[in-house]
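# Fold and geometry: a report
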Amino acid sequence: MGLFSSPAKVYKPAAEVDLGPHSVAGEHYISPNVKAPRVAGLLVKMLAWVLETPVLGWIVLSVLKRDNLVYKLVSDAEIPEPPLFTATHTWQAAMPEKNVSVTEAGVSPAERVQVAVAGIPADMEPAATAAALADGPSSSFRRWTVRDFHSAYSSGQTTPVMVARRFLAAVEECSGPDRNMGLFISCDPGDVLRQAQESTRRYQQGAPLSAMDGVLVAVKDEIDCLPYPTTGGTRWLGSARRCVADAACVAQLRACGAVMAGKANMHELGAGTSGINPHHGSTRNPYNVGRVSGGSSGGSAAAVCAGLCPVALGADGGGSVRMPAALCGVVGFKPTAGRLSNSGLLPLNWTVGMPGILAATVEDTLIAYAAIADQSKPSPLQPELNLPLLTSTRSIPNIRLAKYAKWFDDSSEDIRSLCGKALQMLRTHYGWESVEVTVPEIEEMRLAHYVTMGSECTASLAKYLNNMDRSEIGWDVRIALSAYGSFSSRDYLNSQRLRCRQMYFHEKIFETADAIVTPMTGVTAYALQDDALSTGELDYINGAALVRYSIAGNFLGLPAITVPVGYDREGLPVGLQFIGRPWSEATLLHLAYAMQESCGKEHCKKPKVHYDLLKKQ
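Residues numbered from 1 in each chain as written. Predicted model: local features only at pLDDT ≥ 70, side-chain atom pairs only at ≥ 80, totals over all residues. Heavy atoms only, no water.

Attention now goes to the overall build of the chain. Within the chain, the regular secondary structure consists of 21 helices and 17 strands. Expected size for 617 residues packed as a compact globule is a radius of gyration near 25 Å; at 23 Å, the chain falls within 12% of this value. Expressed as a percentage of the 617 residues in the chain, the buried residues total 63%. Across the chain, every contact between residues at least 6 apart in sequence was considered, and the portion connecting residues at least 24 apart equals 82%. Surface exposure of the chain reaches about 22,300 Å², of which carbon and sulfur atoms provide 55%. Taking the average location of the 56 positive side-chain charges in the chain and that of its 59 negative ones, the two points are 1 Å from each other. (Helix = DSSP H or I, 4+ residues; strand = E, 2+ residues; numbered from the N terminus. Rg over C-alpha atoms; globule rule 2.2 N^0.38 Å. Buried < 20%, exposed > 50% of the residue type's maximum accessible area, 1.4 Å probe, protein only. Contact = heavy atoms within 4.5 Å. Areas by Shrake-Rupley, 256 points an atom, 1.4 Å probe, with all protein chains shown as cover. Lys, Arg positive; Asp, Glu negative; His and termini not counted. Charge placed at Lys NZ, Arg CZ, Asp CG, Glu CD.)

Here is the structure:
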């Protein structure tokens, strides 16, 4: 036991832990009791200097780790299970899914998109889209979808070039001093227009590549996309690591005709949950510009929310797609580890990170997923690709949703109420039941994930960080890197033992439930304060509340999706999350679609910052 340790936890074998709804004493829920004050401005700088000072920094970090139970629950703990170093799942882990279209290997991205679109209810035929476009400004708010853009292009009501020009004007306006939204790190107008012109010609020739042809897609600046450098939200990484080719997911979208709209802003190195970036501007929430967008894929989420694109790419290492999606009122989707290729993604978190999708609707999420799903691996490594037939979602019987009440209710009053009502609507409209379970050791999993993510990040960046001036890094990220670099091999190994335990717990839960249901975040978007804009901030209390329900998706490689279910009393969006069995993406999309339809698109509130790219402004 270390100098600053508290008595270490001794874990019983995972098989002896009670997973029933009324677990025995000693297997209780620990709500994160984060002991770290919010610091920003000068205090952030002072803390960074302290932590980077030999000996003194080690002492301070040791105290922080002791107070936040890292030693007790992870470092010094006695854990009987062996370490599990990856969260990949074999095809044997797959369960038969209902109401799906099986897509064989070798099918092109554009063909997969066609299959996905065929399974979506035709609630907006071209004539209906045209009528909606003709409505005046007083018509009710709705988000334009991939199919709306495709219909408008096919009918000749507008063209990809016209939409691209409106997009570029909107980006210029929202990037200016009056709004300062901080949505994009880089956007090349010439490249955007060139892609749009090529798409316009295809429509004029009657030969669009897919329903995504001409549709704008923002790309998080953690994902390679030519002609842009990949900065990871930094000032230096773009020149240290050259982008020489598109990421696999970007190349697949291009094959569908999508227009890459530029590189969306992100929290520097993905090392935070707020989206505050002192180098490229802090991303503001379109529902309230005085609130954070969430991180680290905040730029992607806010761009979709603001109407600049119906789909965006993000990367999710610790909820970094799903958290900002929930805060910005859009859909966020992270498939099973291995279902999307990591090729061309910054290798910040080897075993927990992967690309993800942010979209205006569940239907758009499905279309984008069909486009970028990776079918390049031999079939023994993963099952065939199932795309849900959303036309038949309502006919799926006997869905069982696992709910751990103590965890579910550990959120703000508004979130707890809205998410509870959303589950009741699923029961009323679909007959799907919630079953009470216990998900053990949630706080232990959060800490183990933090150790894993931090250790992998510093190892990945070591060749750069060891030879550079730390002044090029944001102050808040310097503090995060100091914490990441303090973890030992024992910390990492014990974290992987906890991963093994959690894998066992979740496999047992999925024997009796189709998905685990939780709120997406414990709080809605909190205030973006001026003292953090140039230095970043450390707000671990809000940060822990944001990641409270995110970790299993990354630490265990499970698919997860968040869908909006309403707004709190301040008008800020609330998201509900479904966490699925390995390879159950189709089931999750069915669940999210049912939730979306139960809540009603007509209740979607217009963000305070929003651009309508299909109607003339």
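Take unusual backbone geometry next. Between Leu 226 and the following residue, Pro 227, the backbone shows a cis peptide bond with an omega angle of 10°. Inspection of the secondary structure puts Pro 227 in the loop between strand 4 (216-220) and helix 9 (237-240). Here the residue pair Gly 295 and Ser 296 is connected by a cis peptide bond, since its omega of 5° sits within 30 degrees of zero. Along the polypeptide, Ser 296 turns up in the loop between strand 7 (288-292) and helix 11 (298-305). Phi is positive for Val 55, which is not a glycine, with a value near 70°.

Glancing now at the sheet that holds strand 13 (residues 433-436). Here eleven strands make up an open sheet; going across it, the order is 3-5-4-8-10-9-16-17-14-12-13 and the pairing mixed. The open sheet is flanked by strand 3 (184-186) and strand 13, the only strands paired with a single partner. Averaged over all adjacent pairs, the angle separating strand axes in this sheet is 35°, with direction ignored. In this sheet, strand 5 (residues 259-264) lies alongside strand 4 in parallel orientation, the contact comprising four bridges. If you follow Val 217 over to strand 5, its bridge partner there is Met 260. Across the sheet, helix 11 is in contact with strand 3, strand 4, strand 5, strand 8 (311-316) and strand 10 (354-359); its angle to strand 8 comes to roughly 155°. (Pairing = 2+ DSSP bridges. Axes fitted to C-alpha atoms, helices over the stretch in contact; angles between N-to-C directions.)

Turning our eyes to something else, we now look at the packing of aromatic side chains. In total, this model carries 13 aromatic pairs according to the counting rule given. Their ring planes at 35° and their centres at 5.4 Å tell us that Trp 407 and Tyr 549 sit as a pair that is tilted. One end of the pair, Trp 407, is in helix 14 (residues 405-408); the other, Tyr 549, is in the loop between helix 19 (540-546) and helix 20 (551-555), with 142 residues separating them in the sequence. No difference in accessibility class separates Trp 407 from Tyr 549, as the two residues are buried. Here the aromatic rings of Tyr 450 and Phe 487 are separated by 5.8 Å at their centres, their planes lie at 85°, and the arrangement is edge-to-face. Residue Tyr 450 is found in helix 16 (residues 442-465), and its partner Phe 487 is found in the loop between helix 17 (475-484) and helix 18 (489-509); the two are separated by 37 residues along the sequence. For Phe 487, a relative accessible area of 11% gives the class buried. An aromatic cluster is built from Phe 149, Tyr 153 and Tyr 203, whose rings are joined through pairwise contacts. Of note, Arg 394 hangs over the ring of Tyr 430, and the distance from its end group to the ring centre comes to 4.5 Å. The ring of Phe 408 carries Lys 403 above its face, with NZ or CZ at 4.6 Å from the centroid. (Phe/Tyr/Trp six-rings, centres within 6.5 Å; stacked < 30°, edge-to-face > 60°. Lys NZ or Arg CZ within 6 Å of the ring centre and 35° of its normal.)

Summed over all chains, the structure comprises 26 salt bridges. Among the salt bridges present, the one from Lys 263 reaches Asp 221, with a minimum N-O distance of 2.7 Å. In this pair, Lys 263 sits in strand 5 while Asp 221 sits in the loop between strand 4 and helix 9, placing the two residues 42 residues apart along the sequence. The residue Arg 548 makes a salt bridge to Asp 410 at a minimum N-O spacing of 3.6 Å. Taken together, the residues span a long stretch of sequence, with Arg 548 in the loop between helix 19 and helix 20 and Asp 410 in the loop between helix 14 and helix 15 (413-430) at a distance of 138 residues. (Salt bridge = Lys/Arg side-chain N within 4 Å of Asp/Glu carboxyl O.)

Here the focus is the nonpolar core. Of all hydrophobic cores here, the largest spans 114 residues; its most connected members are Phe 167, Met 212, Leu 308 and Phe 578. Look past the residues within four positions of Phe 167 in its chain and what remains in contact with it is Phe 184, Cys 187, Val 192, Leu 216, Ala 261, Leu 308 and Leu 613. The next biggest cluster of nonpolar side chains, apart from the first, holds 53 residues, and it includes Ala 87, Val 292, Phe 510 and Tyr 549. (Core = buried A, V, L, I, M, F, W, Y, C linked by side-chain atoms within 4.5 Å.)

On to the pairing of strand 16 (residues 560-567). In terms of burial, strand 16 is largely enclosed, as seven of its eight residues are buried. Of the pairings in the sheet, the one linking strand 9 (residues 331-334) to strand 16 comprises three bridges and is antiparallel in character. Residue pairing in the sheet places Gly 332 in a bridge with Thr 562 of strand 16. The sheet contact formed by strand 16 and strand 17 (residues 573-580) spans seven bridges and is antiparallel. Paired with Tyr 567 across the two strands is Pro 573, which belongs to strand 17.

Take the environment of Pro 335 next. With respect to the helices, strands and loops of the structure, Pro 335 is situated in the loop between strand 9 and strand 10. Sequence spacing of Pro 335 and Ala 261 is 74 residues, and the spatial spacing of their C-alpha atoms is 23 Å. If near-sequence neighbours (up to four positions away) are discounted, Pro 335 is found in contact with Leu 340, Met 354, Pro 355, Tyr 369, Leu 558, Pro 559 and Glu 585.

Moving on to empty space enclosed by the protein. Scanning the model with the defined rule gives five cavities of 30 Å³ or more in all. As a volume, the largest cavity reaches approximately 70 Å³. If you trace the largest cavity, you find it lined by Arg 143, Trp 144, Phe 149, Val 304, Gly 307, Cys 309, Pro 310, Ala 360, His 610 and Tyr 611. When grouped by side-chain class, the residues that make up the lining of the largest cavity number seven nonpolar, two polar and one charged. In this model, the second largest cavity occupies a volume close to 40 Å³. The residue inventory of the lining of the second largest cavity, partitioned by class, reads six nonpolar, one polar and four charged. (1 Å grid on protein atoms, 1.4 Å probe; cavity = no way out; pocket = protein on both sides within 12 Å on 5 of 7 lines; lining within 4 Å. Points joined across faces, edges and corners; volume = space filled by probe spheres on them. Nonpolar A, V, L, I, M, F, W, Y, C, P; charged D, E, K, R; others polar.)

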